[in-house]
Amino acid sequence: MKKFYFLLIVLLLLPGIHYAEELNSISTNHVTVLFDDGLDKAADAAGRRYPAIKESLQKIIGWEIDFKPTLYLVKNHDRFLQMSGHPLVIGFAVPRENLIVIDYSKVLLNPSSFSSLLKHELCHLLLHRYITKSNFPKWLDEGISQWAGDGFADIAIEDYSRVDRAIVTGRQIPFRYLSNTFPADNEALMLAYAQSKSLVEYIVNEHGPDTVHALLTSLKNGNNIDSAVYSSLFISFDELEKNWYSAMNKKGTWLILLINHLYEVLFLFGALSLTAAYIKITFRKRAERKLEDSREEESEDCH
């Protein structure tokens, strides 16, 4: 185990944060893990899990992770908040430095999410390793990373069904507005992440996962998102968004109708359940009576 000076790291990677504390460090052939005091076991587990996460992500994206990332596990939430700048963020990646920073105080609330969160952040590093930022829309970066990361985002999202409600009420965010940055407002930020995940999943479901690989390869080759979508899906980006909107609108309409008529649906379900139970009991009693009658007839024949 080694010690690294946190001040040096933040001066190089995260300007504006001023701590002069030492960081613990462990290093494997695949990853370097920096961590605060008290996270020894978590750091060791992260180092052991990383190779499997790396292999899984390479298979999903189809590109090699030919770099050794640095993972920093932060124990103190306030310190992490100063780094991330947003209260909903639980992890972030710095592609230019192959650095991943995770708020481990949040991971402790849901330990099973750690591998998926790490996979999500590693996906950011992998995508930016091959695709230049200038022609890589943020919604696609986040959407792919959620899709590849088992559905996890690097922010705490309360409810992905907000996409359905936003579309039905006409409050969805046009994807052109999500190309460079995401909104800072909590609700709008969660909606931006949810929409990004939804559109990528729509592409996978409607056109197949190979289309995602073709789309990313086109961007890797220097094409912009419009050209990449057209060469991969054979439709324009505007048509893709329109088709997604139409599909989500139908789904959302049924959801809203279900919510608005929830009591009626529950009443109907209860009535049907009672009817089914009554019919079942009636048939069972009839069967029992027939069996009793049959036994009585056999008894009389014996006498």
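Along each chain, the written sequence defines residue order, and numbers are assigned to residues from 1. Given that this is a predicted model, residues contribute local features only at a pLDDT of at least 70 and side-chain atom pairs are listed and counted only at 80 or more, while totals for whole chains, interfaces and linings are drawn from all residues. The basis for every side-chain value is the complete set of non-hydrogen atoms in the structure, without hydrogens or water.

Colleague: Help me get a handle on the overall build of the protein, residues and values and all.
Modeller: Looking only at helices and strands, the protein features 12 helices and 6 strands. Per-residue accessibility, obtained with a 1.4 Å probe over protein chains only, is compared with the maximum for each type, and a residue is labelled buried under 20%, exposed over 50%, and partly exposed between these values. Relative to its full complement of 303 residues, the protein shows a buried share of 42%. Total accessible area on the protein stands at roughly 16900 Å², and carbon and sulfur atoms take up 55% of it. Every helix listed is a DSSP run of H or I at least four residues long, and every strand listed is a run of E at least two residues long, numbered separately from the N terminus. Only the protein chains shown count as cover for residues, with accessible areas throughout obtained via the Shrake-Rupley method and a probe of 1.4 Å.

Colleague: How would you summarise the pairing of strand S3 (residues 32–35) if you had to cite specific residues and measurements?
Modeller: Side chains Thr 32 and Leu 34 of S3 all project onto a buried face; the interleaved residues Val 33 and Phe 35 project onto the opposite face, where all are buried too. Sheet topology places strand S2 (residues 22–27) next to S3; 4 bridges connect them, and they run antiparallel. When the bridges of S3 are listed, Ser 25 appears paired with Leu 34. Crossover S3 to strand S4 (residues 70–74) through helix H2 (residues 40–61) is left-handed. Two strands form a pair only when DSSP identifies at least two bridges running between them. Crossover handedness is defined by viewing with both strands directed away from the observer: a clockwise path from the first strand over the helix to the second marks the crossover as right-handed.

Colleague: Break down the pairing of S4 for me, citing the residues and quoting the values.
Modeller: With 4 of 5 residues buried, S4 is to be regarded as a mostly interior element. Relative to S4, S3 runs parallel, the two being bridged by 4 bridges. Bridge pairing in S4 links Leu 34 to Tyr 72. When S4 meets strand S6 (residues 99–103), the two strands line up parallel, connected through 5 bridges. Looking at S6, one finds that Leu 71 is bridged to Ile 100.

Colleague: Explain helix H9 (residues 209–220) residue by residue, including any values.
Modeller: Its 12 residues place the ends of H9 17 Å apart at the C-alpha level, agreeing with the 16 Å of an ideal helix rising 1.5 Å per residue. Buried residues in H9 make contact with H2, helix H5 (114–130), helix H6 (138–148), helix H8 (186–207) and helix H10 (225–233). Of the residues one or two after H9, Gly 222 is the one with positive phi, at around 100°. What a helix should span is 1.5 Å times the count of its residues minus one. Contact criterion: two residues are considered in contact whenever any of their non-hydrogen atoms come within 4.5 Å of each other.

Colleague: Could you give an account of the side chain of Ser 116, with specific residues and numbers?
Modeller: Among the structural elements, Ser 116 can be located in helix H5. Ignoring anything within four residues of it in the chain, the contact list for Ser 116 reads Gly 149, Asp 150 and Phe 152.

Colleague: How would you sum up the nonpolar core? Please name residues and give values.
Modeller: Buried Ala, Val, Leu, Ile, Met, Phe, Trp, Tyr and Cys residues that are joined via side-chain atoms within 4.5 Å together make up what is termed a nonpolar core. Counting 81 residues, the largest nonpolar core has Ile 61, Leu 71 and Leu 73 as the members making the most contacts within it. Looking at this core, the element that brings in the most residues is H8, giving 11 residues. With residues near it in sequence (within four places) discarded, Leu 73 still touches Val 33, Leu 34, Phe 35, Asp 36, Leu 39, Ala 42, Ala 43, Ile 102, Tyr 104 and Phe 114.

Colleague: Can you tell me about the environment of Ile 225, naming the residues and giving the values?
Modeller: Looking at the element boundaries, Ile 225 is found in helix H10. Judged by relative accessible area, Ile 225 falls into the buried class, the value being 13%. In this structure, the C-alpha to C-alpha distance between Ile 225 and Pro 137, residues 88 residues apart in sequence, is 7.3 Å. Apart from residues lying up to four places away in sequence, Ile 225 is in contact with Pro 137, Trp 139, Leu 140, Arg 176, Leu 215, Leu 219 and Phe 237.

Keep in mind these values describe shape, not function.
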